[in-house]
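# Examination of the molecular architecture
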Amino acid sequence: MKKTDFLSELKKLDPKNFIFLAIAGLINAFGVTVFISPVGLYDSGISGTSIFAEQLTPAAFSLSFFLLILNIPLFLIGYKRQGLGFTVYACFAVICYSFFAWLITDVLPVDVSAASPLAETDLFLCALFGGVISGIGSGLAIRFGGAMDGIEVLAVIFAKKLGITVGTFVMGYNILLYIIIGVVNGSWILPLYSIVTYAAAIKVVDFIVEGLDRGKAAFIVTEKGSDICAELSEEFKCGITILKAHGFYSDTEKQMLYIVINRFQIRRLKELVHTTDPLAYITINDVADVFSANSD
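Numbering of residues starts from 1 in every chain and runs along the sequence as written. Local features in this predicted model are restricted to residues whose pLDDT is 70 or higher, and side-chain atom pairs enter the listing and the counts only when it is 80 or higher, whereas totals over whole chains, interfaces and linings include all residues. With hydrogens and water stripped out, all remaining heavy atoms of the structure feed into the side-chain values.

### A look at the sheet that holds strand β2 (residues 241-246)
We apply this condition: Being paired, for any two strands, means DSSP has found at least two bridges between them. Secondary structure elements follow DSSP: runs of H or I no shorter than four residues count as helices, runs of E no shorter than two count as strands, and numbering proceeds from the N terminus. Helix axes use the C-alpha atoms of the stretch in contact, all axes being lines fitted to C-alpha atoms, and the angles between their N-to-C directions lie in the range 0 to 180 degrees. Note on contacts: a residue pair qualifies if any of its non-hydrogen atoms lie within 4.5 Å across the two residues.
The sheet built from 4 strands is open, its strands ordered β2-β3-β1-β4 with antiparallel pairing. Edge strands, defined here as strands with exactly one partner in the open sheet, are β2 and β4 (281-287). Neighbour-to-neighbour, the strand axes of this sheet turn through a mean angle of 20°, independent of strand direction. Docked against the sheet, helix α11 (residues 225-236) engages β1 (215-222), β2 and β3 (253-261), running at close to 10° with respect to β3. Along the sheet face, helix α12 (residues 266-276) touches β1, β3 and β4 and points at about 160° away from the line of β4.

So this is what it looks like as structure tokens:
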């Protein structure tokens, strides 16, 4: 990307999103450090991997450290696929998550070393509330243009090539993670309770962003089909189908555009379409599977 294009993309970033991403990082850190980590439970994805890595390494390597070194490289890998805006937002969200996790565990006068300050050693309560709270944080991060876990970026990149959905990829990673933890620790109690955490979190994320493991099919009815296609094609680098349409009430010729995107791209699609045609009509539906002759 040229320097001028890079600066132009940076100027498009919304300051409001950074505020909500910081809040999302705080919420996620609270759920993980106050409920999940103190009793030895494990979050999903890279967050769960970071908790496990912290337990296996010297005290100098904290949860915050692993959150940064494991997550940010994955977001940078996904830069070309997801775009500059998403990458900046996601890295910022993870930095906030890591910072607030460090603040809670190492700075504030809160003892989270052996039990939850709120649920004590009740594994079910910790699993349930930890999952719900961290799910709220992850859902908010996605809703405002970023992400809290780099494993989802890998899923977006590699799931299609493996012939599976994004959700199946993430679930497979988590199952493998919990199996490894059970084998290494010689006990299955904590990994099984961690599945409760994962189930609670995924339901909350699903509620907030309307879908975790599905693509999104957008139908756009507009009179400026060519202009919108040019914008969407440049932004998402994917195919678009144009269908002829006729407005019944307006009695005018229109175009109906069909495009399949992932959930990270919904907000940007709405912005591009309504900037080009404020009167465009958009509907977005879940897509369980997408098949294409193009393996890319």
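Having seen the structure, we can now continue with the description.
### Some words on a nonpolar patch on the surface
To keep it simple, the criterion reads: Within this analysis, patches are made of residues with over 30% relative accessible area and no salt bridge. Like charges are joined at 9 Å or less; nonpolar side chains (Val, Leu, Ile, Met, Phe, Trp, Tyr) at 5 Å or less. Using a 1.4 Å probe, accessible areas were evaluated by the Shrake-Rupley method; residue-level cover was limited to the displayed protein chains. Take a side-chain nitrogen of Lys or Arg and a carboxyl oxygen of Asp or Glu: if they are within 4 Å of each other, that pair is a salt bridge.
Taken together, Met 171, Ile 175, Ile 179, Val 183, Trp 188, Leu 192 and Ile 195 make up a surface patch of nonpolar side chains, about 670 Å² in accessible area. Looking at the nonpolar patch, the elements that each hand over two or more residues are α9 (166-185) and α10 (189-209). With 4 residues, α9 is the largest single contributor of residues to the nonpolar patch. Note that Ile 179 resides in helix α9.

### So, the side chain of Ser 50
Looking at where Ser 50 falls in the secondary structure, it is placed in helix α3 (residues 45-56). The residues contacting Ser 50, other than those within four sequence positions of it, are Leu 63, Phe 66, Leu 67 and Leu 70.

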